[in-house]
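Here's the letter readout for the chains.
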Amino acid sequence: MKLPHPIFILVFALLVNINTNAYSQEPPCFPGFMGPTYQINDIQNCPPYDSNMPLDPFIGYLALDSLSKHVGFNEYHDFLARQSYNDTIRTMMRYIYQTVDYNPTNFLCFMYHNRYDCSPIDEYYYGLISKVLQESPSPILDASLLGSFLIAQIDVDSIYCYTDTNARWARTNRAVMATINQIYKGTTPIYNNNLPIIKPTIQFEYAREWFMGKFYDPDEILFELEKGKSYIVFLEYRYICRDNSQIYYEIFPIRCSKSKTACMYPIVNGNVIDTFNELGFGTSVNLNAFNDLLTNHINAIKNYTPLQGIIDDNKSEIVRLYNILVESKKNDGLFSHVQIKTYPTPTQSILNIEFIIDRKAVDLIFQVYNESGKLVYDNGFSYANQGLNRITEDFSFLTNGTYYFKINSEKNTFSGKFVIAK
């Protein structure tokens, strides 16, 4: 028998090795894990604020962090139960969408960070998605947009089939390697920082059992990806485990929106096929028209402006928190983002000043001036914490009128005003 040429053997070995690296990346913190994984550095700060962060994700992190520390699950779910698809829910959608979209992997690390002083973040995140699924006029679309870490148009390059012996039920798995043509939300995941990026690619997996009919008949599969074809996919990141300062996660088609196709829609002859019209754009939509419709709906979420404000008949802690976050103004200077609220104003004597900052500050000076610019109050405090701070002062010694205050650090200042009316 003629032996294969040595060059052929070498090429075959390289191909096998490439596929093994792509599809078998067992994390050291989860021996025996079989699916494709991604590895990232854990966040150093929690929440993961940074100096370049836009205002909306900053607010989103502050809100989730404060909820997890001060609002229990029961109160939170009672609060959601009192809402409809109103200003409150749509405002929460805006900030949560922007927070995930800004840096999806940082948000994943934030959700599963080892914090002992608060409740798990994912309960609040998925609680909102569940409420949107109940109340939205476009339930699957809105829930999918909120629950996705990456939304993209892809070409399927290869599909690797394997049996996941660790799974209880959905064991017939498909590991997919695909080229990304367009991203609607999120960024391209990087699964090996040592390899040059020739073209944006992604690895994700799904289970064939997800698409069985209502009687779970293995011969009745509602949907299956095919090599060489194009799709619109809504994907979520799932935490696997942590090993020292490294986080391991996997990518799946989104499952929290109750889509019959796990929010994967084929592109056939230039049309996006949504057999069950889950997204509400039609069962067969020209790709360019689909892009416009999806982008417009995303922008409607990202740019939503409340008509009546954040309201709740029970005047819960959640509403108070969101009103501080959403209705207070942004000040430039002292920090990347500062939000400040004074109440009551006008006041007869007692004034509360609540401000939210994205980093701890020390040696601050609080000064109050009258309308003539004369200094009428001067006090210092040693530090302000990252997040929400409150100053309560008795100004009963002041006469009626408008006053201006400044909070100064060594280099910067932010300010506001209040009214005394006795």
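Our subject is the structure listed above.
Cut-offs and rules
Residues numbered from 1 in each chain as written. Predicted model: local features only at pLDDT ≥ 70, side-chain atom pairs only at ≥ 80, totals over all residues. Heavy atoms only, no water. Axes fitted to C-alpha atoms, helices over the stretch in contact; angles between N-to-C directions. Helix = DSSP H or I, 4+ residues; strand = E, 2+ residues; numbered from the N terminus. Parallel < 35°, antiparallel > 145°, perpendicular 65-115°, else oblique. Left-handed = near helix turned anticlockwise from the far one by under 90°. Contact = heavy atoms within 4.5 Å. Nonpolar A, V, L, I, M, F, W, Y, C, P; charged D, E, K, R; others polar. Expected span 1.5 Å × (residues − 1). Polar contact = N/O pair within 3.5 Å; in protein donor to acceptor, adjacent residues only side chain to side chain. Core = buried A, V, L, I, M, F, W, Y, C linked by side-chain atoms within 4.5 Å. Buried < 20%, exposed > 50% of the residue type's maximum accessible area, 1.4 Å probe, protein only. Disulfide = S-S within 2.5 Å. Salt bridge = Lys/Arg side-chain N within 4 Å of Asp/Glu carboxyl O. Phe/Tyr/Trp six-rings, centres within 6.5 Å; stacked < 30°, edge-to-face > 60°. Lys NZ or Arg CZ within 6 Å of the ring centre and 35° of its normal.

*Asks:* Is there a simple way to think about the packing of helix α6 (residues 121-135) against helix α7 (residues 139-147) in this case?
*Replies:* Axis angle and axis distance: for two packed helices, these are the angle between their axes and the distance between the axes, and together they describe the pair. The contact between α6 and α7 brings their axes to 8 Å, and the two run at 165°. Classed by the angle they form, the pair α6 and α7 counts as roughly antiparallel. The interaxial crossing formed by α6 with α7 has right-handed handedness. Counted together, Y125, L128, I129, V132 and L133 of α6 and P139, I140, D142, A143, L146 and G147 of α7 form the full contact between these two elements. Taken together, the residues of the contact of α6 with α7 break down into nine nonpolar, one polar and one charged.

*Asks:* Sorry if this is basic, but what is going on with helix α8 (residues 287-302) here?
*Replies:* Helical geometry: 3.6 residues make up each α-helical turn, so side chains three or four residues apart lie on a common side. For α8, which comprises 16 residues, the first-to-last C-alpha distance of 22 Å matches the rise-based estimate of 22 Å (1.5 Å per residue) to within 8%. For α8, the side-chain oxygen to backbone nitrogen distance between the N-cap and N288 is 2.9 Å, and the N-cap itself is N286.

*Asks:* How should the environment of T402 be read in this particular structure?
*Replies:* Here T402 shows up in strand β16 (residues 401-408). Sequence-wise, T402 and E371 are 31 residues apart; in three dimensions their C-alpha atoms are separated by 6.3 Å. Here T402 is in contact with N370, E371, K417, F418 and V419, once residues within four sequence places are set aside.

*Asks:* Any chance you could explain the nonpolar core here in plain terms?
*Replies:* As a rule of thumb, soluble globular proteins bury nonpolar side chains together. If you look at the biggest cluster of nonpolar residues, it comprises 81 residues, and the most contacted ones within it are F234 and L294. It is α6 that provides the largest number of residues to this core, a total of seven residues. Of all hydrophobic cores here, the second largest spans 18 residues; its members include F366, Y403, F405 and I407.

*Asks:* Just checking my understanding: could you explain the side chain of N370 for this structure?
*Replies:* Relative to the elements of secondary structure, N370 occurs in the loop between β13 (361-369) and β14 (375-384). Of the residues examined, N370 reaches a relative accessible area of 19% and is grouped as buried. Here the side chain of N370 touches K374 through a polar contact of 2.9 Å, landing on its backbone nitrogen.

*Asks:* Would you mind showing me how to read the state of the cysteines here?
*Replies:* One way to say it: the disulfide is the covalent bond shared by the sulfur atoms of two cysteines. All chains considered together, the criterion is met by one disulfide. Covalent S-S linkage joins C29 and C241, the inter-sulfur distance amounting to 1.9 Å. Taking the sign of the S-S torsion, about 60° here, the bridge from C29 to C241 comes out right-handed. Here the residue C29 occupies a position in the loop between α1 (6-23) and β1 (38-41), and C241 occupies one in strand β5 (residues 230-243), the gap between them amounting to 212 residues. Judged by its relative accessible area of 25%, C29 falls in the partly exposed class.

*Asks:* Got a minute to help me understand the pattern of salt bridges in this structure?
*Replies:* Side chains that differ in sign of charge can pair as their charged atoms come close. Evaluated as defined, the whole model comprises seven salt bridges. The residue R174 makes a salt bridge to E224 at a minimum N-O spacing of 3.8 Å. You can see R174 sitting in strand β3 (residues 172-185) and its partner E224 sitting in the loop between β4 (201-207) and β5, a full 50 residues away along the chain. When its relative accessible area of 13% is taken as the criterion, R174 is described as buried. The residue E226 makes a salt bridge to K229 at a minimum N-O spacing of 3.2 Å. Here E226 falls in the partly exposed class, since its relative accessible area comes to 40%. Here the salt bridges share partners, and the residues they tie into one network are R174, R208 and E224.

*Asks:* Sorry, what's going on with the pairing of β4 here?
*Replies:* The side chains of a regular strand alternate, residue by residue, between the two faces of the sheet. Most of β4 is tucked away: seven of the seven residues are buried. With burial as the criterion, each face of β4 is covered, one bearing T201, Q203, E205 and A207 and the other bearing I202, F204 and Y206.

*Asks:* Help me understand the packing of aromatic side chains, please; the structure alone is not making it clear to me.
*Replies:* In this description, a pair of aromatic rings is defined by centroid distance and the angle of the planes. One pass over the structure, following the stated rule, counts 25 aromatic pairs. On the numbers, 6.0 Å between centres and 65° between planes, the contact of F395 with F397 is edge-to-face. Note on F397: relative accessible area 46%, which makes it partly exposed. A cation over an aromatic ring shows up here: R238 above the ring of F252, its NZ or CZ 4.3 Å from the ring centre. Seen from the ring of F276, K260 lies directly overhead, with NZ or CZ sitting 4.6 Å from the centre.

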